[in-house]
Amino acid sequence: MSTTLWIFLGIAVVFGLGYVFAMRNLARKSREADKRIDYSKIRKWKDEDNEEGQ
C-alpha cells in the first residue's frame, strides 16, 4: 500500500476514535444530568387533542 493511503487510513482511524470517545463522554454526561432532574418541578403534559371537547 502506498504512503498516501496509510496516511488517510491513519487520519480516518483518529477521527473515528475521536468520535467514539466524544459520544461516550456525551452519553456519560447525559446520564449524570438525568440523575439531577427534579421531577416534582416538571408540569404535567396537557394533551391538546383531549382539551378540544372530547
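Residues numbered from 1 in each chain as written. Predicted model: local features only at pLDDT ≥ 70, side-chain atom pairs only at ≥ 80, totals over all residues. Heavy atoms only, no water.

Caption draft 1: Looking closely at the overall build of the protein. Regarding its fold elements, the protein presents one helix and zero strands. Sorting the 54 residues of the protein into buried and exposed places 0% on the buried side. Just so you have it, the protein exposes about 5,700 Å², and 61% of that area is on carbon and sulfur atoms. (Helix = DSSP H or I, 4+ residues; strand = E, 2+ residues; numbered from the N terminus. Buried < 20%, exposed > 50% of the residue type's maximum accessible area, 1.4 Å probe, protein only. Areas by Shrake-Rupley, 256 points an atom, 1.4 Å probe, with all protein chains shown as cover.)

Caption draft 2: Representation of a positive patch on the surface in the model. On the surface, Arg24, Arg28, Arg31 and Lys35 cluster together into a positively charged patch. The topology assignment puts Arg24 in helix H1 (residues 3-35). Under the relative-accessibility criterion, Arg24 is labelled partly exposed at 47%. (Patch = residues over 30% accessible without salt bridge, like charges linked within 9 Å, V, L, I, M, F, W, Y side chains within 5 Å. Salt bridge = Lys/Arg side-chain N within 4 Å of Asp/Glu carboxyl O. Lys, Arg positive; Asp, Glu negative; His and termini not counted. Charge placed at Lys NZ, Arg CZ, Asp CG, Glu CD.)

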